[in-house]
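Tertiary structure, described
Chain by chain, the residues run as shown.
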Amino acid sequence: MLRPLFLALLAVCLAVLLTPAAAQAKCSVPRVAGEEKPLSYKRLNQALLDAAILAQVNFYRCKHGLPKLTAASGLRKQASKHSKWMAKADKLSHHASSGTSRNLKGRLKSSGLKYKTGAENIGVMRFFNVDNRQFLVRSSGKCVFTTPAGQRIGPHSYRSLARLAVREWMESPGHRKNILRRNLRYTGAGGGIRPNSQYCGAVFLTQIFSG
């Protein structure tokens, strides 16, 4: 027969083992109003893109038992500015060619936030939702893409772009480390569109973190 003390210790051990899994089960990606809208060449809604990326990032932080990051408009503004520069230059880089925000330190200072540390993730995705999947080019001039089965592939939505970008960052050790840093508190993300890139356009992305 098991003694009461042993049962109590067993219960404590089971609780410790089950707590991480239970915490992960509570993690979900919240819906962001408007995030299913398709991207447009004319105007990129920076606030919506920022919110969609933040929702994905906080989901992964939740799964690892980390506190949520808080959106900061100053960081979003700097991230958008840098992404637009990358799109115009057709260059994926943490260093811009000129200006007070030419590097991460400059962007953090220009954000208006007080900070002790910072980090930055950048990336580039296709404007149409063709990354990491099989697709056929039916008409490059008219931007008609389909799956091999013939299903039309349209532009990314804000949600699908954010989901793919953050997933790829999480699969890269350096980017993943930035997303999961415990000493970071604020973040802001933004994008820049290059319409004449291969496959009818690309979206350059920047996410800045501060703590």
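Here the structure is a predicted model, which is why all the values come from computation and not from measurement.

Cut-offs used in this document
- The residue count restarts for each chain, going from 1 along the sequence in the order it is written.
- Since the coordinates come from a predicted model, pLDDT governs what is reported: local features require at least 70, and pairs of side-chain atoms require 80 or more to be given and counted, while whole-chain, interface and lining totals use all residues.
- To get the side-chain values, all heavy atoms of the structure are used, and hydrogens and water are removed first.
- Runs of H or I in DSSP of at least four residues are treated as helices and runs of E of at least two as strands, each being numbered from the N terminus.
- Helices are assigned an expected span. That span is 1.5 Å times one less than the residue count.
- Each residue's exposure class comes from its accessible area (1.4 Å probe, protein chains only) as a fraction of the maximum for that residue type: buried when under 20%, exposed when over 50%, partly exposed otherwise.
- We define a nonpolar core as any set of buried Ala, Val, Leu, Ile, Met, Phe, Trp, Tyr and Cys residues linked to one another through side-chain atoms lying within 4.5 Å.
- Note on contacts: a residue pair is in contact if any heavy atoms of the two residues lie within 4.5 Å.
- The term salt bridge refers to a side-chain nitrogen of Lys or Arg lying within 4 Å of a carboxyl oxygen of Asp or Glu.
- Polar contacts, as used here, are pairs of N or O atoms within 3.5 Å; protein pairs need one atom able to donate a hydrogen and one able to accept it. Residues neighboring in sequence count only if both atoms are side-chain atoms.
- In plain terms, two cysteine sulfur atoms within 2.5 Å form what is called a disulfide here.
- DSSP-based pairing: two strands are paired if at least 2 bridges between them are found.
- Here, axes are lines fitted to C-alpha atoms. For helices the fit covers the stretch in contact, and angles between N-to-C directions go from 0 to 180 degrees.

Attention now moves to helix H5 (residues 158-170). Taking 1.5 Å as the rise per residue, H5 with 13 residues should run 18 Å; its terminal C-alpha atoms sit 18 Å apart, in good agreement. Restricting attention to buried positions, one finds in H5 the residues Tyr-158, Arg-159, Ser-160, Leu-161, Ala-162, Leu-164, Ala-165, Val-166, Trp-169 and Met-170.

Attention shifts here to the nonpolar core. Ile-53, Val-166, Ile-179 and Leu-205 are the most contacted members of the largest nonpolar core, which totals 40 residues. Listing elements by their share of this core, those giving two or more residues are helix H2 (46-63), strand E2 (118-126), H5, strand E6 (186-194) and strand E7 (202-210). Among the elements that line this core, the one with the most residues is H2, at nine residues. Other than its neighbours up to four places away in sequence, Ile-53 contacts Ala-162, Val-166, Trp-169, Ala-189 and Gln-207.

Using the criterion set out here, one finds six salt bridges in the structure. The closest approach of N and O atoms between Glu-35 and Arg-159, which form a salt bridge, is 2.9 Å. With Glu-35 in the loop between helix H1 (4-25) and H2 and Arg-159 in helix H5, the pair connects residues that are 124 residues apart, well separated along the chain. Here Arg-159 makes a salt bridge to Glu-36, at a shortest N to O gap of 3.8 Å. Residue Arg-159 is located in helix H5, and its partner Glu-36 is located in the loop between H1 and H2; the two are separated by 123 residues in the primary sequence. Glu-36 sits in the partly exposed class, given a relative accessible area of 47%. Each of Arg-31, Glu-35, Glu-36 and Arg-159 takes part in salt bridges that share partners, so that together they form one network.

This part is about H2. Between its first and last C-alpha, H2 extends 26 Å over 18 residues, near the 26 Å set by a 1.5 Å rise per residue. Burial within H2 is extensive, with 14 of its 18 residues counted as buried. With a side-chain oxygen positioned 3.3 Å from the backbone nitrogen of Ala-47, the residue opening H2 is Asn-45. One or two residues past the end of H2 sits Gly-65, with phi positive at roughly 70°.

Bringing the state of the cysteines into the picture now. Scanning all chains against the criterion turns up two disulfides. A disulfide bridge connects Cys-27 with Cys-62, and the sulfur atoms are separated by 2.0 Å. Its torsion about the S-S bond being -85°, the disulfide of Cys-27 and Cys-62 is classed as left-handed. Of the two residues, Cys-27 is situated in the loop between H1 and H2 and Cys-62 in helix H2; the sequence distance between them amounts to 35 residues. Taking the relative accessible area as the measure of exposure, Cys-27 reaches 10% and is therefore buried. Each disulfide pairs two cysteine sulfurs, and for Cys-143 the partner residue is Cys-200, the sulfurs being separated by 2.1 Å.

The next thing to look at is the sheet that holds strand E1 (residues 70-71). The strand order across the open sheet built from four strands is E1-E6-E7-E2, with neighbouring strands paired in mixed fashion. With one partner strand each, in any of the chains shown, E1 and E2 form the two edges of the open sheet. Of the strand pairs in this sheet, E2 and E7 are connected by nine bridges, and their pairing is antiparallel. Each bridged residue has a counterpart across the sheet, and for Val-124 the counterpart in E7 is Phe-204. Packing of H2 onto the sheet brings it into contact with E1, E6 and E7, and relative to E6 it is tilted by some 125°. Running over the sheet, H5 touches E2 and E7 and is turned about 120° from E2.

By themselves these figures say nothing about function.
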